[in-house]
Amino acid sequence: MRCMALLLALLMNAAIAADKVKIGFVSTLSGPNASIGSDIRDGFNLAIKMNAGRLGGLPAEVLVGDDQLKPELAKQLAERYLKLDKVDFLTGGVFSNIVIAIAPDAIANKVFYISPNAGPAQFTGAQCSPFFFAASWPSEAYSEAAGQYMTSKGIKNAVFLAPNYVGGQDAATGFKRMYKGKLVDEMYTKLGQLDYAAELSQIRAKQPEALYVFLPGGMGINFIKQFVAAGMSKDIQLVVPLWGSDQDIIRAVGDPMLGLFSVGHWSIDLDNPANRKFVPAFEKEYKRLPTGYAASGYDTALLIDSAIRKVKGKIEDKDAVRAALRAADFKSVRGDFKFGRNQFPVQNYYLQVVGKAADGRIMHKTLATVLKDRGDAYVQDCKMK
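The structure displayed is predicted, hence computed values, not measured ones.

(A) The sheet that holds strand β4 (residues 89–91), seen in detail. Here we have six strands laid out as an open sheet, ordered β2-β3-β1-β4-β5-β6, and mixed in their pairing. Both edges of this open sheet fall to β2 (54–55) and β6 (132–134), since each of them pairs with a single strand only. Across three bridges, strand β5 (residues 112–115) lies against β6 in parallel orientation. When the bridges of β6 are listed, I114 appears paired with F133. In this fold helix α4 (residues 96–108) packs onto β1 (21–27), β4, β5 and β6, with an angle of close to 150° to the strand it touches most, β5.

Here it is in structure tokens:
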């Protein structure tokens, strides 16, 4: 009898495969920056659709909420998904201030937050957490790549421009870490600002050789339109992160984008099996070419899929799920990458130029690798093993 009771207790305590997986997806889906969240959502949903509505073999239920770029609203949505809907994973965040508002709630509830975009520096170092993963990049990395590129080109002086929020401040830190020329000015705008006449006037007066601009979504679209219209593209080399010259901006601006340099961890022309599958599948499904945001959303879903598959659906076993996530056992559209100790990617960053493909469409062309196997500057401060 004692043996039977012991066996029954062991069976009751054993992890049992779930009957479905629930994802809370909190993202910016309205306003000038709605295209970012929409692309991440569409890439995420495409991966699930291509897996017949499943993640790791389990039926997937995705609860989608629009944070409207308001941290307090994002927090309300996250709390509902965590406490009432009992989601198994939380994801979707676009901007660092949103992620910083909701990731601590996920961590406190021992629910994995998988960032498809923002990778705030806070979570790379001393505040790293077993329940926080970035499936994208550390927030300083693109700007590090931009600084490295400008240094390698011998650009002697430059101006930096970004919105005044956590992501913009991280971008400045990353750029200054790698750029060895003279930083003529470090300019900050309001988050969501769409008129840059005053900033362009100040930049023209300073006459820098180059300008690095960190302006996601509608901010970047408006800035590039105004920069080109002001005739400044003839005298100042403009360098942007991938999203500053991606398909959403190309569709809005058109031919004036040609020749613009950018840096990123992914490009539409990366020649690997996963990317060759993803790009045409996304275009077929949504009738537009994918952006880097869509690529990260797609990879985020594949990461979760790989982890659930690895634990055979036993998603209540948090330690096993964490180990499976860290393994990153899936084919990424970016090519090879791995997680560092802080659960942020170690990966390549590429130099790209906007050009015309053989079919005449405007898109990125990869020119070179700027940073190879780059992690981040704070991993040594993370105490996780």
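(B) Structural context of the state of the cysteines. Following the criterion strictly, the structure yields one disulfide and no others. The disulfide that involves C128 links it to C382, with 2.1 Å between the sulfurs. Since a negative S-S torsion denotes a left-handed disulfide, the C128-C382 link at about 90° is right-handed. Of this pair, C128 sits in the loop between β5 and β6 while C382 is found in the segment after β14 (362–374), placing the two residues 254 residues apart along the sequence. With respect to class, C128 is no different from C382; both count as buried.

(C) Summary view of the packing of aromatic side chains. Applying the stated criterion to the full structure yields 29 aromatic pairs. Here the aromatic rings of Y142 and Y349 are separated by 6.0 Å at their centres, their planes lie at 80°, and the arrangement is edge-to-face. Highlighted residues: Y142 in helix α5 (residues 141–152) and Y349 in strand β13 (residues 345–356), separated in sequence by 207 residues. No difference in accessibility class separates Y142 from Y349, as the two residues are buried.

(D) Representation of the pattern of salt bridges. Enumeration over the complete set of coordinates arrives at 18 salt bridges. The salt bridge partner of D39 is R288, with a shortest N-O separation of 2.7 Å. Placement of D39 in helix α2 (residues 34–50) and of R288 in the loop between α10 (273–286) and α11 (292–310) is noted, with a sequence separation of 249 residues between them. By the burial criterion, D39 is buried, and R288 matches it. Across the salt bridge formed by D305 and R309, the nearest N and O atoms sit 2.9 Å from each other. Separated by four residues within a single helix, D305 and R309 lie in helix α11, roughly one turn from each other.

(E) Spotlight on the packing of α5 against helix α6 (residues 166–178). One way to put it is that α5 packs onto α6 with a least axis distance of 7 Å and a crossing angle of 30°. Comparing their axes, α6 and α5 come out roughly parallel. The two elements α5 and α6 meet at a crossing, and its hand is right-handed. Across the interface between the two elements, S143, E144, A146, G147, Q148, M150 and T151 from α5 touch A171, G174, F175, R177 and M178 from α6. Counted by class, the contact of α5 with α6 contains five nonpolar, five polar and two charged residues.

(F) Molecular detail of the nonpolar core. Ranked by internal contacts, the top residues of the largest apolar core, which has 127 residues, are F89, M150, L211, F223 and F278. For this core, the leading source of residues is α11, giving 10 residues.

(G) Up close: the environment of E79. By the secondary structure assignment, E79 is in helix α3 (residues 71–83). Linking E79 and D246, residues 167 residues apart in sequence, is a C-alpha distance of 33 Å. Ignoring any residue separated from it by four or fewer positions in sequence, one finds E79 in contact with L84 and D105.

(H) Structural context of the pairing of strand β7 (residues 157–163). Among the seven residues of β7, seven are classified as buried, and the element is accordingly described as predominantly covered. The two faces of β7 match: N157, V159, L161 and P163 on one face and A158, F160 and A162 on the other face are all buried. Pairing analysis gives seven bridges linking β7 to strand β8 (residues 182–189), with the strands arranged parallel. Pairing of N157 across the sheet is with K182, part of β8. Assessed by its sense of winding, the connection that carries the chain from β7 through α6 to β8 is right-handed. Direction of pairing for β7 relative to strand β9 (residues 210–213): parallel, over a ladder of four bridges. Each bridged residue has a counterpart across the sheet, and for V159 the counterpart in β9 is L211.

(I) Spotlight on the pairing of strand β11 (residues 261–264). Judged from the three bridges that link them, strand β10 (residues 237–241) and β11 form a sheet pairing that is parallel. Bridged to V239 within β11 is F261. For the crossover that starts at β10, traverses helix α9 (residues 247–253) and ends in the parallel β11, the hand is right-handed. One ladder, built from four bridges, connects β11 with β13; its direction is antiparallel. Note on β13: the bridge partner recorded for V263 is L351.

So, how was this worked out
- Residues numbered from 1 in each chain as written.
- Predicted model: local features only at pLDDT ≥ 70, side-chain atom pairs only at ≥ 80, totals over all residues.
- Heavy atoms only, no water.
- Pairing = 2+ DSSP bridges.
- Helix = DSSP H or I, 4+ residues; strand = E, 2+ residues; numbered from the N terminus.
- Contact = heavy atoms within 4.5 Å.
- Axes fitted to C-alpha atoms, helices over the stretch in contact; angles between N-to-C directions.
- Disulfide = S-S within 2.5 Å.
- Buried < 20%, exposed > 50% of the residue type's maximum accessible area, 1.4 Å probe, protein only.
- Phe/Tyr/Trp six-rings, centres within 6.5 Å; stacked < 30°, edge-to-face > 60°.
- Salt bridge = Lys/Arg side-chain N within 4 Å of Asp/Glu carboxyl O.
- Parallel < 35°, antiparallel > 145°, perpendicular 65-115°, else oblique.
- Left-handed = near helix turned anticlockwise from the far one by under 90°.
- Nonpolar A, V, L, I, M, F, W, Y, C, P; charged D, E, K, R; others polar.
- Core = buried A, V, L, I, M, F, W, Y, C linked by side-chain atoms within 4.5 Å.
- Right-handed = clockwise from strand over helix to strand, strands pointing away.

It is worth stressing that arrangement in space is one thing and function is another; only the former is reported here.
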